[in-house]
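# Geometric and topological summary
Okay, here's what each chain looks like letter by letter:
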Amino acid sequence: QRIFNIVKEAKISTNNLCEIAENVLNDSPLISLKFEALEILNANKWTRASNSVLTFFNNAQKDFQNELITEDQFVSLINSLVNISPLDAVNPLIKYLGELNMQLEYNNSVAQKVVLAVINSLGAIGDKSAFDSLLSVTYLNYPEAVLSAARQALAGLRW
């Protein structure tokens, strides 16, 4: 953590900073440090870290379910996918939205901020393959804010 703090404050190139942040994201066992690295990658729209961030997203789903990361942390990760991994993130986000929809169908609670982040990210990316998942949201018993976000995301898909 101390070394990463020194690196962040040092006057190094953006490329070097992002490469270091990606290495931290891949290798650090500290979740808080991973989110600091993610913040740097997101701020610089470092698409070279796409695979690393998607791996982090897949692991973070379990961490969120097991309450190892907060809702706000998970939302920030989902939101960062738009900048870091817009093309590769579509299918994992669609899959995750399907899981959230299924949880709601079985009357399990679903974190509204997380659902909104997934919907808004899919809408921002605009890939038409998200159509079915977004449409299914509109048929479920979500709060109006989620339904409205899904309709808006549907309207923004590029055909």
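Residues numbered from 1 in each chain as written. Predicted model: local features only at pLDDT ≥ 70, side-chain atom pairs only at ≥ 80, totals over all residues. Heavy atoms only, no water.

Looking now at the packing of helix α4 (residues 50-65) against helix α5 (residues 71-84). Between two packed helices, the angle of one axis relative to the other and the distance separating the axes together describe the packing. Two elements in contact, α4 and α5, have axes separated by 10 Å at closest approach and are oriented at 155°. On the basis of their axis angle, the class for α4 and α5 is roughly antiparallel. At the point where α4 passes α5, the crossing takes the left-handed sense. When α4 is examined against α5, the residues Ser50, Val53, Leu54, Phe56, Phe57, Ala60, Gln61 and Phe64 are found in contact with a partner set consisting of Glu71, Phe74, Leu77, Ile78, Ser80, Leu81 and Ile84. Considered class by class, the residues forming the contact of α4 with α5 number 11 nonpolar, 3 polar and 1 charged. (Axes fitted to C-alpha atoms, helices over the stretch in contact; angles between N-to-C directions. Helix = DSSP H or I, 4+ residues; strand = E, 2+ residues; numbered from the N terminus. Parallel < 35°, antiparallel > 145°, perpendicular 65-115°, else oblique. Left-handed = near helix turned anticlockwise from the far one by under 90°. Contact = heavy atoms within 4.5 Å. Nonpolar A, V, L, I, M, F, W, Y, C, P; charged D, E, K, R; others polar.)

A few words on the pattern of salt bridges. Overall, the coordinates contain 4 salt bridges when judged by the stated rule. Between Lys8 and Glu36 there is a salt bridge, with the nearest N and O atoms lying 2.5 Å from each other. Taken together, the residues span a long stretch of sequence, with Lys8 in helix α1 (residues 2-9) and Glu36 in helix α3 (residues 31-43) at a distance of 28 residues. One salt bridge connects Glu144 with Arg151, and the closest N-O pair in it is separated by 2.5 Å. Relative accessible area serves as the criterion here: at 48%, Glu144 is assigned to the partly exposed category. (Salt bridge = Lys/Arg side-chain N within 4 Å of Asp/Glu carboxyl O. Buried < 20%, exposed > 50% of the residue type's maximum accessible area, 1.4 Å probe, protein only.)

Attention shifts here to the side chain of Asp63. By the secondary structure assignment, Asp63 is in helix α4. Discounting residues that sit within four places of it in the chain, Asp63 has contacts with Ile31, Leu68 and Ile69.

This next bit is on the packing of aromatic side chains. Going through the model one piece at a time under the given rule, you end up with 6 aromatic pairs. Summarising the aromatic geometry, the rings of Phe64 and Phe74 are spaced 5.0 Å apart at their centres and angled 20° between planes, so their arrangement reads as stacked. Within this pair, whereas Phe64 is found in helix α4, its partner Phe74 is found in helix α5, the two being separated by 10 residues in sequence. Exposure remark for Phe64: the relative accessible area of 19% places this residue in the buried category. Overall, Phe74 belongs to the buried group, its relative accessible area being 0%. Taking 5.6 Å as the distance between ring centres and 70° as the angle between the ring planes, the aromatic pair formed by Phe131 and Trp159 counts as edge-to-face. With a gap of 28 residues between them, Phe131 in helix α8 (residues 131-138) and Trp159 in the segment after α9 (144-155) connect regions that are remote in the sequence. What makes Phe131 partly exposed here is its relative accessible area of 30%. What makes Trp159 exposed here is its relative accessible area of 66%. (Phe/Tyr/Trp six-rings, centres within 6.5 Å; stacked < 30°, edge-to-face > 60°.)

Attention shifts here to helix α6 (residues 90-105). Counted at 1.5 Å a residue, the expected span for α6 with its 16 residues is 22 Å, and the 22 Å between its end C-alpha atoms agrees. Taken together, the buried residues of α6 touch α4, α5, α7 (112-125) and α8. (Expected span 1.5 Å × (residues − 1).)

All right, on to the packing of α3 against α4 then. Closest axis-to-axis distance for the α3/α4 pair is 12 Å, and the angle between their directions is 140°. In terms of orientation, α3 and α4 fall into the oblique class. In this structure, the crossing between α3 and α4 has a hand that is left-handed. Here α3 contributes Ile31, Lys34, Phe35, Leu38 and Leu41 to the contact with α4, which in turn contributes Val53, Phe56 and Asp63. Split by residue class, the contact of α3 with α4 holds 6 nonpolar, no polar and 2 charged.

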